[in-house]
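# Fold and contact review
Each chain, written out:
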Amino acid sequence: DKTPFSIVFAASDCARVGLPATASFPRRRPDKMKLWLAFAREDDRDVQLARAAIGALAMAVPEEPRIARALAKENGSAALAHVLATEHPELVHRAAYCLTACLEDRRAREGLLAGDAIAREALTRTVAAARTRFADGPAGDALEGCAAALARTDWEDGTDSEDD
């Protein structure tokens, strides 16, 4: 099975830490993105909470571009960089998948990278550092895809998948 995340696993993560079920909450309330990003940064105090939050975002972003755009608007690149710098492979895996999915949407990509070579370079360095720590396994695979997405210059920037 090539599915990057187990829905059952993510749902149990959320239930264990008292978050609303899986990724449905970020989908219904993208206005609460600051809260989800704050939860994702809780790796030093509550890894389960951070895993549930970044997992929910990683599952919601590929499904709904407005989630990716909300993440970008709320300084999501800093939050994702923080999670990518952790020593927890399960968090890094989810953050890399989330970042890659954000980069697929033109407006989210522009928001994350702010049309700025410095922002792109900072994320690229963070991903490269994570790849040295997690070369193998799911985190390594997700980081490889993330590095490739950051390096791309041939994005087709026509119509977004959702023009809201």
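See the structure printed just above.
Residues numbered from 1 in each chain as written. Predicted model: local features only at pLDDT ≥ 70, side-chain atom pairs only at ≥ 80, totals over all residues. Heavy atoms only, no water.

Turning our attention to helix α9 (residues 117-133). For α9, spanning 17 residues, the distance from its first C-alpha to its last is 24 Å, which sits close to the expected 24 Å at 1.5 Å a residue. Along α9, the residues classified as buried are Leu123, Thr126, Val127 and Ala130. The arc enclosing the buried residues of α9, seen along the axis, measures out at 95°, which places them on a common side. The exposed set on the far side of α9, more than 90 degrees from its buried face, consists of Ala117, Ile118, Arg125 and Thr132. (Helix = DSSP H or I, 4+ residues; strand = E, 2+ residues; numbered from the N terminus. Expected span 1.5 Å × (residues − 1). Buried < 20%, exposed > 50% of the residue type's maximum accessible area, 1.4 Å probe, protein only. Arc of directions from axis to C-beta.)

Our focus in this paragraph is helix α10 (residues 137-151). If you check α10, its first and last C-alpha atoms are 21 Å apart, about what 15 residues at 1.5 Å a residue would give, namely 21 Å. Turning to α10, its buried residues number three or more, namely Ala139, Gly140, Ala142, Leu143, Cys146, Ala149 and Leu150. Considering only its buried residues, α10 is in contact with α6 (76-84), α7 (89-103), α8 (106-113) and α9. (Contact = heavy atoms within 4.5 Å.)

Attention shifts here to the pattern of salt bridges. When their charged atoms lie close together, side chains carrying opposite charge are able to pair. Tallied over the entire structure, the rule returns 9 salt bridges. Here Asp105 and Arg69 are joined by a salt bridge, their closest N and O atoms 2.8 Å apart. Of this pair, Asp105 sits in the loop between α7 and α8 while Arg69 sits in helix α5 (residues 65-73), and the two are 36 residues apart along the sequence. We note a salt bridge from Glu121 to Arg125, for which the minimum N-O separation is 3.6 Å. Residue Glu121 and its partner Arg125 are located together in helix α9, separated by 4 residues, close to a single helical turn. (Salt bridge = Lys/Arg side-chain N within 4 Å of Asp/Glu carboxyl O.)

Where α6 contacts α7, the two axes come as close as 8 Å, and the packing angle between them is 150°. The interaxial crossing formed by α6 with α7 has left-handed handedness. Here Leu80, Val83 and Leu84 of α6 lie close against α7, whose contacting residues are Leu91, Val92, Ala95, Ala96, Cys98 and Leu99. Tallied by class, residues from the contact of α6 with α7 come to 9 nonpolar, no polar and no charged. (Axes fitted to C-alpha atoms, helices over the stretch in contact; angles between N-to-C directions. Left-handed = near helix turned anticlockwise from the far one by under 90°. Nonpolar A, V, L, I, M, F, W, Y, C, P; charged D, E, K, R; others polar.)

Read these as spatial facts, not as claims about activity.
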